[in-house]
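# Examining the three-dimensional arrangement
Now for the letters of each chain:
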Amino acid sequence: MGEKAFDQKLDKLYTWVGQSLSACPIRDGVTFYHRTEKVFKVVKQKAGWHLQFNVPVPECSGLVKLAPEEARKRKLGKTQWIYKGDSDSDAQHLVRAALDSLPQRWVIEPALSRDIATVCRGTCPCFRKMERLAKATGLPEDLRGLLENAYSLLLNGQYVEFVERMQVGIAEAVGYLLREQGEEPDGDVQTKIQALVRLHVIPQSMGAEGEVLFTRRGYESYYTMQERVYPLALMFISFLTKLLKDKI
């Protein structure tokens, strides 16, 4: 499976699992965890799906169940259910079933959690999005440097500092897009975002999203733990990714 095709598979998986699992890149694919427990793994290959599950999943075409002895012989550990096929719907059904098999008390609530166990840095789609932003060669050097610095803060779990940096980054990005339209970026960041809406550079929905993100001032002071600002950090990444989607 080529890198682009594999990234498309990963994007689908990230959508299906949401924030229920953490993801850790490995040599031959990506492993998905609940806390420290492995749930399943997606393996890179030339075409189609190759999913290895550590939890029970229902029978379907392309699914093979291994006996525990065979799994140990093949050095697969607790992996007993292996799906190989071309069906996105079957793959999604199996992933959903794996999530449903987790005890209800294990369900993660990322917006409220105070004790998130990070299995691997770069554990969610937003980390991948932020990495792409930091490496986007189509952006001005100053803006890319700012985003690289923000990405470093994100990886180090400095979410409050990351959000502070991203406020500056989004303001710079909005100004950059306005200058591309021949407009002088005057006013605060909300005014600049609304100017992009009027110029039809971004949709009205993004203008409303910007209002939500930038209406509150000094909100960092409300967070006494880095994890509490984590969901807001993801919102900033999502907004900036949509803002610069044609540049990355």
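Up top is the structure these notes are about.
Here's a quick rundown of the structure.

Rules of the game
- Every residue gets a number counted from 1 within its own chain, in the order that chain's sequence is written.
- Where local features are concerned, this predicted model is filtered to residues with pLDDT of at least 70; where side-chain atom pairs are given and counted, the filter is 80 or more; whole-chain, interface and lining totals use all residues.
- Think of the side-chain values as coming from all heavy atoms in the structure, minus any hydrogens and water.
- A run of H or I in DSSP becomes a helix once it reaches four residues, and a run of E becomes a strand once it reaches two; helices and strands are each numbered from the N terminus.
- Exposed residues in this analysis have more than 50% of their type's maximum accessible area, buried residues have under 20%, and partly exposed residues fall in between, with area computed by a 1.4 Å probe over protein chains only.
- Contacts were defined at the residue level, with two residues in contact if any of their heavy atoms lie within 4.5 Å.
- Using a 1.4 Å probe, the Shrake-Rupley method yields the accessible areas, and only the shown protein chains count as cover for residues.
- For this analysis, a nonpolar core means a set of buried residues of the types Ala, Val, Leu, Ile, Met, Phe, Trp, Tyr and Cys, connected via side-chain atoms within 4.5 Å.
- At least two DSSP bridges between two strands are required for those strands to pair.
- Exposure above 30% relative accessible area and the absence of a salt bridge qualify a residue for a patch, where like charges join within 9 Å and nonpolar side chains (Val, Leu, Ile, Met, Phe, Trp, Tyr) within 5 Å.
- Salt bridges are defined by distance alone: a side-chain nitrogen of Lys or Arg within 4 Å of a carboxyl oxygen of Asp or Glu.
- Asp and Glu are treated as the negative residues and Lys and Arg as the positive ones, with His and the ends of the chain left uncounted.
- Charged groups are reduced to one reference atom each: NZ for lysine, CZ for arginine, CG for aspartic acid, CD for glutamic acid.

A tally of regular secondary structure across the chain gives 9 helices and 6 strands. Looking at the chain as a whole, 45% of its 248 residues qualify as buried. Residue pairs in contact within the chain that sit at least 24 positions apart in sequence constitute 57% of those at least 6 positions apart. Entry remark: accessible area of the chain is about 13200 Å², with carbon and sulfur atoms responsible for 48%.

As a further point, take the nonpolar core. Counting 44 residues, the largest nonpolar core has Met 130, Leu 147, Phe 162, Met 166, Ile 170, Leu 240 and Leu 243 as its most contacted members. Mapped onto this core, the elements with two or more residues apiece are α4 (125-134), α5 (141-155), α6 (159-180), α7 (189-198), α8 (204-215) and α9 (230-243). The element best represented in this core is α6, accounting for 11 residues. Those residues in contact with Leu 243, other than ones at most four positions away along the chain, are Ile 170, Ala 173, Val 174, Leu 177, Leu 196, Ile 202 and Met 206. In terms of nonpolar packing, the next biggest core, distinct from the first, is built from 27 residues, Phe 6, Leu 13, Tyr 14 and Phe 53 among them.

In this section: unusual backbone geometry. Its identity as a non-glycine residue notwithstanding, Lys 75 has a phi of 60°, on the positive side. Accessibility expressed as a relative area gives 76% for Lys 75, which makes it exposed. Of note in the backbone geometry, His 200 takes a positive phi value of approximately 60° without being a glycine. Residue placement: His 200 occurs in the loop between α7 and α8. Owing to a relative accessible area of 71%, His 200 belongs among the exposed residues under this scheme.

Of all 7 residues making up strand β3 (residues 37-43), 5 are buried, and the element is well covered by its neighbours. Inspection of the sheet shows strand β2 (residues 29-34) paired to β3 by 6 bridges, in the antiparallel sense. If you follow Gly 29 over to β3, its bridge partner there is Val 43. Pairing geometry for β3 and strand β4 (residues 49-53), over 3 bridges, is antiparallel.

A cluster of like negative charges, contributed by Glu 141, Asp 142, Glu 148 and Glu 172, occupies part of the molecular surface. Of all the elements, α5 adds the most residues to the negative patch, at 3 residues. Positionally, Glu 148 belongs in helix α5.

Structural measurements only, silent on function.
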